[in-house]
Amino acid sequence: MATRVVGENGDISEVHILAQAGRPAKQIVRDVESLVAAQFGVKLDHRKVSVAQIEGPKEEAAPLPRPEIRGVRIEVEGGRVKVHVTLAQGDKLYEGSAEGAGASVNRYRLAAAAALGAMENYLHKSCRLVLDDLVPFHLGGWDGYLAGVVLISTFGEEHLVGCSLVKKDKMDAAIKAACNAVNRRIRHLGGESQAGED
């Protein structure tokens, strides 16, 4: 709260109060009248007090809890493969799937795309997540994946990057790389989450 008192010849001619919204202006005026009377022994005419109220800072939404990778299912039919990825938060499940050519190297890409579909469902479809690229790497004796993801929302397009080392298996690392790309932006999409990270 900010206050400005204007006076002439020792008399108070105006009192201006800037206060956060939440209390009625009339109550603030009464409080000022009471304070001036108690502290200074001066009777203040309520018509000399003006109150302007502003909104206080907005409370941040609670961060989204961290979804975990609950399962991966692969369906093979002829030369086609369909990968289903399930993310979970508590007892709620979010599934995404992606389908494509059955080449074994393509399965990791499909798994990453399916994970992004599950993440879209987790975010209640507030944005689109598109796998731009999935690149394997070798660094310091470790294998891993680097995922490029395009986030499409009402704010436009944003290119994101995530990575994950192969700890369990290559498919798990591909899924985590895709989820980790999105983690850094989830705060602006509905809360903060750390999906896929160990």
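The shown structure was predicted, so the numbers you read here are calculated from the model rather than taken from an experiment.

Visitor: I'm lost on the environment of Glu68 in this one. Help?
Guide: With respect to the secondary-structure elements, Glu68 resides in strand 4 (residues 68-77). In this structure Glu68 comes out as partly exposed when scored by relative accessible area, which is 42%. It is 5.3 Å that separates the C-alpha atoms of Glu68 and Ala88, two residues lying 20 residues apart in sequence. Apart from residues no more than four positions distant in its own chain, Glu68 is found in contact with Thr86, Leu87 and Ala88. Only 3.1 Å separates the side chain of Glu68 from the side chain of Arg70, close enough to count as a polar contact.

Visitor: What is the right way to look at helix 1 (residues 25-40) in this model?
Guide: An α-helical turn contains 3.6 residues, so a residue and the one three or four places further along point in the same direction. Between the first and last C-alpha of helix 1 there are 22 Å, a value that for 16 residues agrees with the 22 Å anticipated at 1.5 Å per step. Listed as buried for helix 1 are Ile28, Val29, Val32 and Val36. Along the axis of helix 1, the buried residues cluster in a sector spanning 100°; they form a single face. Facing away from the buried side of helix 1 by more than 90 degrees, the exposed set consists of Lys26 and Ala38. Buried-residue contacts for helix 1 involve strand 2 (11-20) and strand 3 (49-54).

Visitor: It is not clear to me how the pairing of strand 9 (residues 156-165) should be interpreted in this structure. Could you clarify?
Guide: When strand 8 (residues 142-153) meets strand 9, the two strands line up antiparallel, connected through 10 bridges. Of the residues in strand 9, the one forming a bridge with Ser153 is Gly156. The turn joining strand 8 and strand 9, which pair antiparallel and follow one another in sequence, is formed by two residues.

Visitor: What am I meant to see in unusual backbone geometry here?
Guide: Leaving glycine out, the prevailing phi sign among residues is negative, and the prevailing peptide bond configuration is trans. Here the phi dihedral of His124 falls at roughly 55°; this positive angle occurs in a residue that is not glycine. Inspection of the secondary structure puts His124 in the loop between helix 2 (104-122) and strand 7 (128-139). Unusually for a residue other than glycine, Lys125 sits at a positive phi of about 55°. Within the fold, Lys125 resides in the loop between helix 2 and strand 7.

Visitor: What should I look at first to understand a nonpolar patch on the surface in this one?
Guide: Taken together, Val72, Ile74 and Val76 make up a surface patch of nonpolar side chains, about 230 Å² in accessible area. As for its position among the elements, Val72 is in strand 4. Relative accessible area serves as the criterion here: at 40%, Val72 is assigned to the partly exposed category.

Visitor: Could you clarify how one ought to interpret the sheet that holds strand 8 in this entry?
Guide: Working definition: the strands of a sheet are paired by backbone hydrogen bonds and lie parallel or antiparallel to each other. Judged by pairing direction, the sheet is antiparallel, and its three strands sit side by side in the order 7-8-9 without closing on themselves. If you trace the sheet from one side to the other, it starts and ends with strand 7 and strand 9, each paired once. The average undirected angle you get between the axes of adjacent strands in this sheet is 20°. Helix 2 contacts strand 7 and strand 8 of the sheet and is inclined by roughly 140° relative to strand 7. Along the sheet, helix 3 (residues 170-183) contacts strand 7, strand 8 and strand 9; its crossing angle with strand 9, the most-contacted strand, is approximately 140°.

Parameters and conventions
- Residues numbered from 1 in each chain as written.
- Predicted model: local features only at pLDDT ≥ 70, side-chain atom pairs only at ≥ 80, totals over all residues.
- Heavy atoms only, no water.
- Helix = DSSP H or I, 4+ residues; strand = E, 2+ residues; numbered from the N terminus.
- Buried < 20%, exposed > 50% of the residue type's maximum accessible area, 1.4 Å probe, protein only.
- Contact = heavy atoms within 4.5 Å.
- Polar contact = N/O pair within 3.5 Å; in protein donor to acceptor, adjacent residues only side chain to side chain.
- Expected span 1.5 Å × (residues − 1).
- Arc of directions from axis to C-beta.
- Pairing = 2+ DSSP bridges.
- Patch = residues over 30% accessible without salt bridge, like charges linked within 9 Å, V, L, I, M, F, W, Y side chains within 5 Å.
- Areas by Shrake-Rupley, 256 points an atom, 1.4 Å probe, with all protein chains shown as cover.
- Salt bridge = Lys/Arg side-chain N within 4 Å of Asp/Glu carboxyl O.
- Axes fitted to C-alpha atoms, helices over the stretch in contact; angles between N-to-C directions.

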